[in-house]
Each structure stands twice: as C-alpha cells, then as structure tokens.
Amino acid sequence: MRIAYFDCFSGISGDMTLGALLACGADEDALRAGLSRLNLPGWKLNVAETSKNGIGAKDVTVSITQEQGHGRHLRHIEEILSTSDISQPIQESALNVFRRLADAEAKIHQTTAERIHFHEVGAVDAIVDIVGTCLALESLGIDEIVCSPLPMGRGFVECAHGTIPLPAPAVLELTAGFPVYGVDLEGELVTPTGAAIVTTFATRFGPIPPMAVVSSGYGAGKKDFGNRPNLLRVVIGETIDEVLTAAPEVTVIEANLDDFSPQFYEPLQERLFAEGALDVFLSPIQMKKNRPATLLTVIATPDRVESMAQAIFEESTTLGIRYGTRKRICLEREWETVETEYGPIRIKIGRWRGRETTAAPEYEDVRAAAKQHGAPVKRVFQAAITAYQR
C-alpha cells in the first residue's frame with residue numbers, strides 16, 4: 001500500500017499541498033489536462049521552482065485572467081464539477097472537501113451549508129487547488145494519507161468578513177477532534193483550504209509511519225517566517241509489510257573449503273548452476289589456527305537444497321554444509337536488443353515498481369562481439385550503452 005505522509009511543520013494550504021505533490025513526482029501534464037476539463041474559465045496555473053531556507057520546493061500560483069464575480073454557493077461548485085469531464089471519483093473527492101468547508105462555515109455563521117456564500121474558499125484558486133490535489137493524489141497512486149499534528153499560529157488576518165483572529169474560526173471548526181498545537185509565531189499557518197483537504201483525506205494523525213520511502217517533496221507557501229521555512233513536506237512510501245511479504249524466500253547454503261584445490265572451483269560452480277542455483281560466489285576467509293580458506297555461498301530456491309548439497313559433497317572436499325531461509329527482493333527484469341557498429345547487443349534492464357533503475361549490456365554478448373571484431377571489450381560495452389541511451 002502506498003502512503004503519503006503530510007509533514008505540516010509549517011502548516012498547510014491548498015497551493016502548498018499541490019506544490020508538494022508535484023515535487024513528489026505527480027504528473028504535471030496530466031494535472032493540467034485534468035484541470036482543463038473544469039467548466040471554469042479565466043485562470044492560469046503557474047508552477048515554478050523556488051527555495052526556502054536553502055530547501056528546493058515547488059511554488060504553485062493560480063493567476064486570474066478574467067473577472068470571476070463575487071463568490072459562489074455550494075451548488076455553483078457542485079455544478080462546476082458535475083458538468084466537467086473529470087472522472088466521477090475525482091468529482092466526489094473534491095466535493096467532499098467543499099462540503100466539509102461549507103459545513104464548517106455554516107456552523108460559524110449560524111446558517112445552513114446550502115446558504116453559505118463562499119468567498120476565499122469559493123474562489124478559483126481554491127477550486128483549482130482542491131481538484132488539482134485530488135488529481136495529483138490519483139496520479140501518484142496514493143492509497144492512504146497520514147498527517148502530522150497541525151501547528152497553529154497567532155494574530156489576526158483580513159478576510160471578506162473583516163479582521164478575524166488566528167487560527168481562523170473555520171480552521172478551528174475543521175480541525176475539531178484532530179491533533180493541533182500552538183506555536184509562538186504570528187501568522188496564518190493552516191488555511192481553511194489546507195485544513196479541509198487534510199481533515200477530509202487523512203485517515204490518521206501522528207508521526208511518520210513505518211514505510212519504505214519512495215520519494216519526498218516540498219510545496220512552498222507565500223509567507224516568510226524567518227527561521228521556520230514556509231514549506232509543506234510530503235513523504236511517499238510503501239508499507240514495509242507489503243515490501244517484505246512480497247519478497248520470495250530463497251535458501252542460502254554455505255560451506256568452508258580449506259583443503260580444496262582452486263583448480264576445481266570452476267567445475268563446482270558449473271555443476272551448481274546446472275543444478276539450478278540462482279547464484280554462486282566465493283569469499284576468502286580465515287579459519288582456526290589462521291588457516292586461509294574459501295567460503296562457498298550458494299543461493300537457490302528452497303526446493304533445490306538437496307540437489308545443491310549433493311553437488312557440493314560430490315564436487316568438493318567439505319564434510320558439511322549449513323543453510324537457512326532468507327527473503328530476497330529483486331528488480332523486475334526485461335531485455336532489449338540494440339544495434340551497434342559491432343552488431344546486436346542485449347541490454348538487461350531492471351525496474352523497481354515500474355521505474356527503470358538500471359540498465360547494462362549483457363557481458364557475454366559484448367565479449368563475443370569484441371572477439372569477432374578484434375575490438376576492446378570496453379569499447380563495445382560503451383557502444384551498447386550509447387545505443388541504448390539513444
């Protein structure tokens with residue numbers, strides 16, 4: 001399962017959320033394509049690289065290109081989403097955030113959600129931030145969101161209703177029942193849009209959960225808090241249980257060889273590979289009385305233990321072996337053939353969760369081509385790499 005951990009050390013807002021998800025690797029082209037399906041004219045999305053206290057981040061800004069009127073009711077936002085070509089799950093996720101916002105505002109203003117006249121939270125930038133966040137989470141394949149406790153600043157902020165205290169009343173209503181803490185800092189750290197997003201989607205609050213980290217990214221806010229960088233950090237990872245349980249079991253077999261002629265290592269290795277060994281390797285060791293020796297290590301599937309033991313006893317001088325079960329995690333592997341001036345060379349490609357992490361020419365192909373053309377092996381190897389990169 002893929003987790004997104006929202007580390008809100010400087011709070012959270014809609015633009016910070018969208019920026020952090022883009023910095024984590026959300027597809028910006030897919031995001032723009034999805035947002036373009038909104039029935040919402042007169043805006044432009046700007047994404048730029050920035051830095052806060054030396055930390056690189058994505059800065060997202062929604063620029064208004066034409067007059068938008070004087071705010072919207074919940075029904076107007078529902079109409080914008082329902083008449084768009086955005087998928088039903090994204091529409092429902094975004095509407096859940098706006099309904100939560102409407103409920104909070106309604107309680108504060110002693111009215112109903114349907115009668116709430118959105119100002120700041122109904123503006124174009126909030127719609128883009130919320131829908132964009134839903135699209136980015138889908139792009140990243142997020143299954144669960146976990147969030148840190150939320151920091152609350154102090155002071156006052158100007159809004160459509162005038163001057164209001166911080167934390168904003170809507171933020172306090174939205175975060176009721178969720179962990180928050182005060183910081184000695186004057187300014188708005190958690191905005192209503194940010195609070196609505198995280199309290200709608202987060203399944204739990206607390207420290208970063210155990211996981212294998214896949215990526216991390218920072219979304220920049222628009223304020224300067226001095227020593228506290230105005231950033232939201234998102235960390236994406238896979239649950240450790242999933243990584244471990246998906247790993248197949250292998251058997252590791254070992255034997256100490258201290259009176260075995262090195263001339264016989266090659267036939268021993270060939271026999272073990274012929275019997276189905278996944279890997280065979282030799283390591284120098286020191287045995288009792290400082291006798292130099294060689295450690296034979298064989299990796300095989302559990303069903304091949306007996307045949308491996310027989311090969312070791314018949315082909316070596318050891319009197320015993322030891323073995324145990326281990327977990328093994330491997331890259332997904334595939335082959336691709338490239339054409340070079342020395343002929344075709346196979347490239348072995350390794351992928352981790354669909355993303356290429358390594359690629360290398362097959363040594364036997366390189367050696368055969370080098371021999372055939374009377375060329376140095378390293379030159380053929382580089383030619384294959386160059387061809388693959390093209």
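Scroll up to find the structure.
Anyway, here's the lowdown on the structure attached to this text.

What counts and how
Residues numbered from 1 in each chain as written. Predicted model: local features only at pLDDT ≥ 70, side-chain atom pairs only at ≥ 80, totals over all residues. Heavy atoms only, no water. Phe/Tyr/Trp six-rings, centres within 6.5 Å; stacked < 30°, edge-to-face > 60°. Helix = DSSP H or I, 4+ residues; strand = E, 2+ residues; numbered from the N terminus. Buried < 20%, exposed > 50% of the residue type's maximum accessible area, 1.4 Å probe, protein only. Axes fitted to C-alpha atoms, helices over the stretch in contact; angles between N-to-C directions. Parallel < 35°, antiparallel > 145°, perpendicular 65-115°, else oblique. Left-handed = near helix turned anticlockwise from the far one by under 90°. Contact = heavy atoms within 4.5 Å. Nonpolar A, V, L, I, M, F, W, Y, C, P; charged D, E, K, R; others polar. 1 Å grid on protein atoms, 1.4 Å probe; cavity = no way out; pocket = protein on both sides within 12 Å on 5 of 7 lines; lining within 4 Å. Points joined across faces, edges and corners; volume = space filled by probe spheres on them.

Description of the packing of aromatic side chains
And then number 1: Applying the stated criterion across every chain, the model contains three aromatic pairs.
And then number 2: Centre to centre, the rings of F178 and F205 are 5.1 Å apart; their planes meet at 55°, and the pair counts as tilted. You can see F178 sitting in the loop between helix 6 (169-174) and strand 10 (180-186) and its partner F205 sitting in strand 11 (residues 202-205), a full 27 residues away along the chain.
And then number 3: The class of F178 is partly exposed, set by a relative accessible area of 23%.

Let's talk about the packing of helix 1 (residues 14-23) against helix 5 (residues 124-140)
The relative placement of two packed helices comes down to the angle between their axes together with the axis-to-axis distance.
And then number 1: Running from amino to carboxyl end, helix 1 crosses helix 5 at an angle of 25°, the nearest separation of the two axes being 9 Å. Here helix 5 runs roughly parallel to helix 1, going by the angle between their axes. Every pair of crossing elements has a handedness; the one defined by helix 1 and helix 5 is left-handed. Contact with helix 1, carried on its side by G14, D15, T17, L18 and L21, involves V128, D129, G132, T133, A136, L137 and L140 of helix 5 and no other residues of that element.
And then number 2: A per-class count over the contact of helix 1 with helix 5 returns six nonpolar, four polar and two charged.

Some thoughts on the layout of surface pockets
And then number 1: Space inside the second largest pocket adds up to approximately 250 Å³.
And then number 2: Lining the second largest pocket are 13 residues, and of these S93, C134, L137, E138 and I142 sit closest to its centre.
And then number 3: For the lining of the second largest pocket, the secondary-structure elements that each account for two or more residues are helix 4 (88-109), helix 5 and strand 6 (144-147).
And then number 4: Taken together, the residues of the lining of the second largest pocket break down into seven nonpolar, three polar and three charged.

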